[in-house]
Amino acid sequence: MFKLSQKLQSLPPYLFLEIDKAKRKARSEGRDIIDLGVGDPDQPTPNYIIEALHQAAQDPSNHRYALDQGMPALRRAIQGWYKRRFNVNLDPETEILPLIGSKEGIAHLPLAFLNQGDYSLAPDPCYPPYKGGTALAGGKLYLMPLLESNAFLPDLKKIPIGIRRKAKLIYINYPNNPTAATAEKDFYKDIVEFALKNKIIVISDLAYSEIAYDGYRPCSFLEARGAKEVGIEFHSLSKTYNMTGWRIGWACGNAKLVSGLAKVKSNIDSGIFLAIQLAGIAALEGPQGHIQQMRTLYQERRDTLIKGLNALGWQTEPPKATFYVWIKVAERMGSIKFAQRLLEKADIIVTPGVGFGKYGEGYIRMALTVSKERLSEAVDRLKKAVRW
Ligand SMILES: *Cc1c(COP(=O)(O)O)cnc(C)c1O
């Protein structure tokens, strides 16, 4: 009775639930856990955005179903933000679609374009919804290993001809979660060329476009010439405005891709709470000064952690973007075992790299979402803990 569908069964067990369980158990034992596992900003949403929600929530006209396509004013705000940030023009009528968080859109897009047995090209390690969305749409996965030797970029030349023919989608994500790698215009140019030649849809995930350091400014896939002919880009207010719990993001790019996704969604959800859309407009059009403050905060944390780890001999590179540090660990010990040891011996939670895919084995991910003081404390604990 009640057997899960084969599609659902085909999904890997969600490692992060296991970690959560271990974390709760440790906390219930009264241990002082330093959680470097979650990619969720610890800082509050800026006040002007909360104020906008507060006001909008009091207006009964905002309590009704929203339009599927999102408010025209929100699409125009996204258009303006995008133009200012990347100097790319988007048509708010046909090339922008607000989402209930970008994860939702990323996971739903394959339903619009994959047929049974079609392939998605997914980086590995990766943000889990690329694989999950493909599996739930009945697609197959071809994994593109992200290796340190190739700067954690996929090697397009290695994708076999037979797979290229059967592939409908390729996922890219820079600045990257979990490796913190970044990509430049040349890479996007190659991707556009590859996609045009093989008739493959490009899905670019730019959730970390604003989380970058030392003055570095990540570019957008859509800045590459011809990108709009082949691709769609996903953006999120979650990391930029500390709004992970609010659930708001958007997709933009090729009009056919945008409308395909909109059609799937019109069968599944009924839009974003209007008050949250109005708060989203406030976020995108309001004072942006807090973003630089946030970068400075993460950058200080990054420097504290990297300095501490390197003093322990861990030889870790400071990331140019994202709030993650991707760290190579002893090869002999699996990353899950390594993470378990850290929890047991030092009360520190990290994410084992293998949780993001098999090519993540041998690495752990630490998130810079706790204070500098706690990061120093984490380093002290590592120093005291047994030798690794
Ligand atoms: C956090 C994150 C997102 C954003 O998710 P939302 O659903 O918009 O909160 C998307 N992609 C990656 C790689 C992320 O890490």
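Residues numbered from 1 in each chain as written. Predicted model: local features only at pLDDT ≥ 70, side-chain atom pairs only at ≥ 80, totals over all residues. Heavy atoms only, no water.

Caption draft 1: Seen up close, the nonpolar core. By size, the foremost hydrophobic cluster in this structure holds 96 residues, and its most contacted members are Leu-121, Tyr-188 and Phe-221. Examining the composition of this core, we find that seven residues originate from one element, helix H11 (residues 274-285), more than from any other. Both domains that furnish three or more residues to this core are identified here as domain 1 (6-44 + 289-385) and domain 2 (47-285). Residues contacting Tyr-188, with those up to four places away along its chain left out, are Ile-172, Tyr-174, Ala-183, Leu-206, Cys-219, Ser-220, Phe-221 and Ala-224. In this structure, Leu-99, Leu-169, Phe-234 and Val-258 belong to the second largest nonpolar core, which totals 20 residues. (Core = buried A, V, L, I, M, F, W, Y, C linked by side-chain atoms within 4.5 Å. Buried < 20%, exposed > 50% of the residue type's maximum accessible area, 1.4 Å probe, protein only. Helix = DSSP H or I, 4+ residues; strand = E, 2+ residues; numbered from the N terminus. Domains from an automatic or database assignment. Contact = heavy atoms within 4.5 Å.)

Caption draft 2: Structural detail: the packing of aromatic side chains. Overall, the coordinates contain 17 aromatic pairs when judged by the stated rule. Residues Tyr-127 and Tyr-130 carry aromatic rings whose centres are separated by 5.8 Å and whose planes lie at 75 degrees to one another, so their mutual orientation is edge-to-face. Among the aromatic residues, those joined into a ring-pair cluster are Trp-81, Tyr-82, Phe-86 and Trp-250. (Phe/Tyr/Trp six-rings, centres within 6.5 Å; stacked < 30°, edge-to-face > 60°.)

Caption draft 3: Spatial organisation of unusual backbone geometry. Note that the residue after Asp-124, namely Pro-125, is joined by a cis bond; omega there is 5 degrees. Relative to the helices and strands, Pro-125 resides in the loop between strand E3 (119-124) and helix H6 (129-136). A positive phi is found at Asn-87, a non-glycine position, where the angle reads about 55 degrees. Along the chain, the position of Asn-87 falls in the loop between helix H4 (72-86) and strand E2 (96-99). A residue is classified by how much of its surface remains accessible, and Asn-87, at 56% relative accessible area, is exposed. The phi dihedral of Asp-214 falls on the positive side, at around 55 degrees, and the residue is not glycine. By the secondary structure assignment, Asp-214 is in the loop between strand E6 (201-205) and helix H9 (227-230).

Caption draft 4: The arrangement of the site of the ligand in detail. In the region of the ligand, 13 residues are neighbours, and Asp-205, Ser-236, Ser-238, Lys-239 and Arg-247 sit closest. Interatomic distance of 2.7 Å between a side-chain N/O atom of Tyr-208 and an oxygen atom of the ligand. If the ligand stood free it would expose 390 Å²; the protein chains cover 95% of that surface. Among the residues making up the shell around the ligand, the classes are represented as three nonpolar, six polar and four charged. (Near = heavy atom within 4 Å. Polar contact = N/O pair within 3.5 Å; in protein donor to acceptor, adjacent residues only side chain to side chain. Areas by Shrake-Rupley, 256 points an atom, 1.4 Å probe, with all protein chains shown as cover. Nonpolar A, V, L, I, M, F, W, Y, C, P; charged D, E, K, R; others polar.)

Caption draft 5: Representation of the sheet that holds strand E9 (residues 324-328) within the structure. If you trace the three strands from one edge of the open sheet to the other, you get E9-E12-E11, paired in antiparallel fashion. Bordering the open sheet on either side are E9 and strand E11 (351-352), each of which pairs with just one other strand. (Pairing = 2+ DSSP bridges.)

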